[in-house]
Amino acid sequence: MNREAHRHHFETLELDMKASPAEINKAYLLLKDIYLNESLLNDSLAITAMSEEISAEDKADILQGIEDSYRALSEMVSEERRAVSALVDSLVAGIDGFNGAALKEIRQRLEISLDDMAMETRIQREHLANIEADNFAELPVAVYTRGFVLNYAKFLSLDAEKVTGSYMDNFRQYHGDGAK
Amino acid sequence: MAGDRKHKGEILAVGGGKGGVGKSFILSSLGMSLARKGKVVMIDGDLGGANLHNFLGVSPPRTSLIDFFERKVPLSELIVDSGIENLSLISGMVGTTGGENIKYVQKKKLFSHILSLEADYILIDLGAGAHFNTIDTLLLADRKLIVVTPEILSIENMYNFLRNLFFRRLGSALGQHGYRELVISVWKDRRGLGIKNFQQLVAHLKNISPELRGLVDCELKGFKIHIVLNQAKGHRDIMIGNSVKSVCRKFFGIDAQYSGYVEYDESVSHSVNRRLPYMSAFATSRCARSINKLADNLVSGQQVRIVS
């Protein structure tokens, strides 16, 4: 998709270019709701106040534009997902055990910063850094650490069970097998 | 923000078609909220119906814009303390015939004085209606706030106001290229030309010549407004702000932002009646918090996040 078309689709959905896939979906549903205007909900006041100027054709045109832009952006999102998952597959291919260094490598190759990750996963940045440094002494008890690693793996679209199993083996080994 | 601004403070002005939608309340409350971030000067530009001091709980100042127009006192000498830290006020004219007779030269002079005021934020309250002095003052602002309530008459009024606002601006922009008469005549003869709506009017102008097309496109793109929905009584009302924004973007082609909503609170009229500054009397109310959020959004350029 060229840049101009790209910009146009975001503009049609009234989003800025940094909008996430979830925001794209939400904006689409909202706009459809506004311009379908079939309910007597308050939401339609903004259209009703212009009813003398807005013909049914105008509304149909707008809806078509919204539909087209949403399809184009959805296609773009799926393409990006496919590309990311292909990249993840290739990164994971040679890895046997998921230690901190391996996770860090994958994160960096996906160009995700620790700060962004902390914000999205709501895990403290410090914990994430400790996970990547295999800094087991500073990590919380097993049940919490396991949860953090699980979310870490999910966020990078890795096989969460496999990553957690492998990482927690190392964690338990460090603390002695009795650690919970 | 416009790159060629030479003035120091950021100018925010509140306009809107109808009286009673809460322009003065929102502006005065925004002033109090912004005073936490920097130095604020509020100007009561509702000439003839000045009442901004009431919202701040102070008595009518002795000096006002009337001294600027009639006694040629510099604007900066008319600034009075509001009793609130970082916030001062220039009063409008109480009980005079109003600002509709202000001459062009006087207006130019007032604008140049406003631009040279020493403040981080300059807030201008405007009267209701679409008189060209009101519109010109709004057009001067870096951030043009349009207040609307979740009622059909208020929304209709706002659309009308926007049409006037945009055509005034287009008229003066195209006027600089020798098209002033053309814009005025098209606007006047719109019925005869079969122009039923704003879009068709814009399309008509654009089809006259490639030069006009370029100018009109440029003006539409550069015309940014901030929609503020007042008296929101719940999620549905909040969503109306979003729909109004969408209509402004799609049918007017204007860069409209939904910068914030203000929650309905019956204490607002109580505090106004008792001349208490709402933002300090009800500092922790949902309404006050929604105003703080609006102030933050205006400074950061963010919009209302719709969660559904």
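Everything numeric here is computed off the predicted structure, so don't read it as measured data.

(A) How the structure looks around the overall build of chain A. Within chain A, the regular secondary structure consists of 9 helices and 0 strands. Listing each helix as α and each strand as β along chain A from the N terminus yields α-α-α-α-α-α-α-α-α. In terms of overall dimensions, chain A is more spread out than a globule: its C-alpha atoms have a radius of gyration of 23 Å, far above the 16 Å expected for 180 residues. Projected onto its principal axes, the C-alpha positions of chain A cover 75 × 35 × 25 Å. Expressed as a percentage of its 180 residues, the buried residues of chain A come to 42%. Counting only contacts in chain A whose residues sit at least 6 apart along the sequence, the fraction spanning at least 24 positions is 57%. With an accessible surface of roughly 10,600 Å², chain A has 49% of that area assigned to carbon and sulfur atoms. Of the charged side chains in chain A, 19 are positive and 33 negative; the average position of the first set lies 7 Å away from that of the second.

(B) Local environment of the interface of chain A and chain B. Taken together, the 23 residues of chain A in the interface contact 28 residues of chain B. Carbon and sulfur atoms make up 60% of the area that chain A and chain B hide from each other, which totals about 2,200 Å². If you look at where chain A meets chain B, you find 2 salt bridges. The residue E14 of chain A makes a salt bridge to K250 of chain B at a minimum N-O spacing of 3.0 Å. Between the two partners, chain A and chain B, sit 7 residue pairs in polar contact (both at pLDDT 80 or more). At the level of elements, α1 (3–12), α2 (21–36), α3 (45–48) and α4 (56–92) of chain A are the ones that each hand at least two residues to the side of chain A that touches chain B.

(C) View of the sheet that holds strand β1 (residues 10–15) of chain B. Residues and elements named next belong to chain B. If you walk across this open sheet you meet the 8 strands as β3-β4-β2-β5-β1-β6-β7-β8, and the pairing is mixed. Two strands in the sheet have a free side with no partner beyond their single neighbour: β3 (80–84) and β8 (255–263). Pairs of neighbouring strands in the sheet enclose a mean axial angle of 25°, with direction left out of account. Two strands pair when backbone bridges link them, and strand β2 (residues 40–45) and strand β5 (residues 121–126) are joined in this way by 6 bridges, in the parallel orientation. Directly across from M42, in β5, lies its bridge partner L123. Across the sheet, helix α1 (residues 23–34) lies against β1, β2, β3, β4 (87–90), β5, β6 (143–148), β7 (224–232) and β8, angled at about 170° from β5, the strand it touches most.

(D) Representation of a nonpolar patch on the surface within the structure. All names here are of chain A. A contiguous nonpolar surface patch, about 330 Å² in accessible area, is contributed by V141, V143 and Y144. Inspection of the secondary structure puts V143 in helix α8 (residues 142–155). You can call V143 exposed: its relative accessible area is 61%.

(E) Structural detail: the packing of helix α8 (residues 198–208) of chain B against helix α9 (residues 210–221) of chain B. Residue and element names in this part refer to chain B. Where α8 contacts α9, the axes come no closer than 6 Å and their chain directions differ by 140°. Put simply, α8 runs oblique to α9. Contacts between α8 and α9 involve F198, V202, L205, K206, N207 and I208 on the former and, on the latter, L212, R213, V216, D217 and L220. For the contact of α8 with α9, a count of residues per class yields 7 nonpolar, 1 polar and 3 charged.

(F) Structural context of the pattern of salt bridges. Residues and elements named next belong to chain B. Enumeration according to the criterion identifies 19 salt bridges over all chains in this entry. The shortest N-O distance in the salt bridge between K107 and D136 comes to 2.7 Å. You can see K107 sitting in helix α4 (residues 104–115) and its partner D136 sitting in helix α5 (residues 132–140), a full 29 residues away along the chain. Residue E263 is joined to R286 by a salt bridge in which the shortest nitrogen-to-oxygen separation is 2.9 Å. Of this pair, E263 sits in strand β8 while R286 sits in helix α13 (residues 286–300), placing them 23 residues apart in sequence. Take R286: its relative accessible area is 55%, and that puts it in the exposed class.

(G) Local environment of the nonpolar core. By size, the foremost hydrophobic cluster in this structure holds 90 residues, and its most contacted members are Y35 of chain A together with Y159, I225 and C248 of chain B. Ranked by residues supplied to this core, first place goes to helix α6 (residues 152–175) of chain B with 10 residues. Residues L56, V228, M279 and C287 of chain B belong to the second largest nonpolar core, which totals 33 residues.

(H) Quick look at the side chain of N130 of chain A. Among the secondary structure elements, N130 of chain A is positioned in helix α7 (residues 125–132). Those residues within four positions of N130 of chain A in sequence are excluded, and the remaining contacts are N135, E138, L139 and Y167 of chain A.

(I) Structural detail: the pairing of β8 of chain B. Residue and element names in this part refer to chain B. Within β8, 7 of the 9 residues are buried, which leaves it mostly tucked inside the rest of the structure. Where β7 lies against β8, 7 bridges are found, and the strand directions are parallel. Residue pairing in the sheet places V228 in a bridge with G260 of β8.

Reading the values: rules and limits
- Residues numbered from 1 in each chain as written.
- Chains lettered and ligands numbered in written order.
- Predicted model: local features only at pLDDT ≥ 70, side-chain atom pairs only at ≥ 80, totals over all residues.
- Heavy atoms only, no water.
- Helix = DSSP H or I, 4+ residues; strand = E, 2+ residues; numbered from the N terminus.
- Rg over C-alpha atoms; globule rule 2.2 N^0.38 Å.
- Buried < 20%, exposed > 50% of the residue type's maximum accessible area, 1.4 Å probe, protein only.
- Contact = heavy atoms within 4.5 Å.
- Areas by Shrake-Rupley, 256 points an atom, 1.4 Å probe, with all protein chains shown as cover.
- Lys, Arg positive; Asp, Glu negative; His and termini not counted.
- Charge placed at Lys NZ, Arg CZ, Asp CG, Glu CD.
- Buried area = accessible area lost by both parts, 1.4 Å probe.
- Salt bridge = Lys/Arg side-chain N within 4 Å of Asp/Glu carboxyl O.
- Polar contact = N/O pair within 3.5 Å; in protein donor to acceptor, adjacent residues only side chain to side chain.
- Pairing = 2+ DSSP bridges.
- Axes fitted to C-alpha atoms, helices over the stretch in contact; angles between N-to-C directions.
- Patch = residues over 30% accessible without salt bridge, like charges linked within 9 Å, V, L, I, M, F, W, Y side chains within 5 Å.
- Parallel < 35°, antiparallel > 145°, perpendicular 65-115°, else oblique.
- Nonpolar A, V, L, I, M, F, W, Y, C, P; charged D, E, K, R; others polar.
- Core = buried A, V, L, I, M, F, W, Y, C linked by side-chain atoms within 4.5 Å.

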